[in-house]
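# Fold and contact review
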Amino acid sequence: MLDKLSSLSHVDSEKLSKLMASDKAISLESNLPVQAFKSTPIRHAISLLLRDPSLALTVEIELLNHINVRGIELLRNVLMLVKESPTLSAGALLERFRGRPEAVHLNKLLSQPMIIPNDGMAQEFQDAVQHLVSIGVEQRIEQLLAKASQGPLSTEEAQELRDGLARKSAGETTQVH
């Protein structure tokens, strides 16, 4: 077996024997630098959608309309594509973005390992979207407060601000499902 390993690895069998007998730990991992990949709720939601496009059918896209977060437009585009073609597979979804700048990002997301079991993906997706909706509520509250500091709000805006602040203090936002 050592001879076979030696021929496959192109390392002298004596050196292999010494390495295997030594106390030194042999790392099986590559010594190549690993690029850190920061996960965000947007990336997480898109990554889950790429693995199971049918998750898009559980979200009302309108809930994401007033969110100002990098990547939200791509998430909305993916959601709209799946809603327009509910039987779209992950491969077909990626194909729709071929040649577009977003394809690089989608492929990068798909290449990241997913440690969530299949039966937990739906809840994980709902949680990611709910987090985004919470961000949207917070952003809207900030917008309305900034506007209120410069002048009076309309009746509708004042009510929206009261509702948003009440939901925030109660720790709730609009439900995704």
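What this report covers is the structure whose coordinates are included nearby.

What counts, and at which threshold
Residues numbered from 1 in each chain as written. Predicted model: local features only at pLDDT ≥ 70, side-chain atom pairs only at ≥ 80, totals over all residues. Heavy atoms only, no water. Core = buried A, V, L, I, M, F, W, Y, C linked by side-chain atoms within 4.5 Å. Buried < 20%, exposed > 50% of the residue type's maximum accessible area, 1.4 Å probe, protein only. Helix = DSSP H or I, 4+ residues; strand = E, 2+ residues; numbered from the N terminus. Contact = heavy atoms within 4.5 Å. 1 Å grid on protein atoms, 1.4 Å probe; cavity = no way out; pocket = protein on both sides within 12 Å on 5 of 7 lines; lining within 4 Å. Points joined across faces, edges and corners; volume = space filled by probe spheres on them. Nonpolar A, V, L, I, M, F, W, Y, C, P; charged D, E, K, R; others polar. Salt bridge = Lys/Arg side-chain N within 4 Å of Asp/Glu carboxyl O.

## As for the nonpolar core
Counting 33 residues, the largest nonpolar core has Leu64, Leu75, Leu79 and Phe125 as its most contacted members. With seven residues, helix H4 (residues 72-84) is the single largest residue contributor to this core. Those residues within four positions of leucine 64 in sequence are excluded, and the remaining contacts are Ile72, Leu75, Arg76, Leu79, Val129, Leu132 and Val133.

## Digging into the side chain of arginine 76
Mapping arginine 76 onto the fold places it in helix H4. Beyond its immediate stretch of four places on either side in the chain, arginine 76 contacts Ile61, Leu64, Asn65 and Ile67.

## A closer look at the layout of surface pockets
If you add up the space inside the largest pocket, you get close to 480 Å³. As for the largest pocket, its lining consists of 19 residues, of which Ile42, Arg43, Arg70, Gly71 and His105 are closest to the centre. The residue makeup of the lining of the largest pocket, split by class, is 10 nonpolar, four polar and five charged. The computed volume of the second largest pocket comes to approximately 290 Å³.

## As for the pattern of salt bridges
Within this structure, the stated rule accounts for five salt bridges. Across the salt bridge formed by glutamate 95 and arginine 98, the nearest N and O atoms sit 3.1 Å from each other. Given a relative accessible area of 61%, arginine 98 falls into the exposed group. In this structure, arginine 100 engages glutamate 102 in a salt bridge whose closest nitrogen and oxygen atoms are separated by 3.4 Å. By relative accessible area, which is 34% here, arginine 100 ends up partly exposed.

Functional significance is not addressed by these values, which are geometric in nature.
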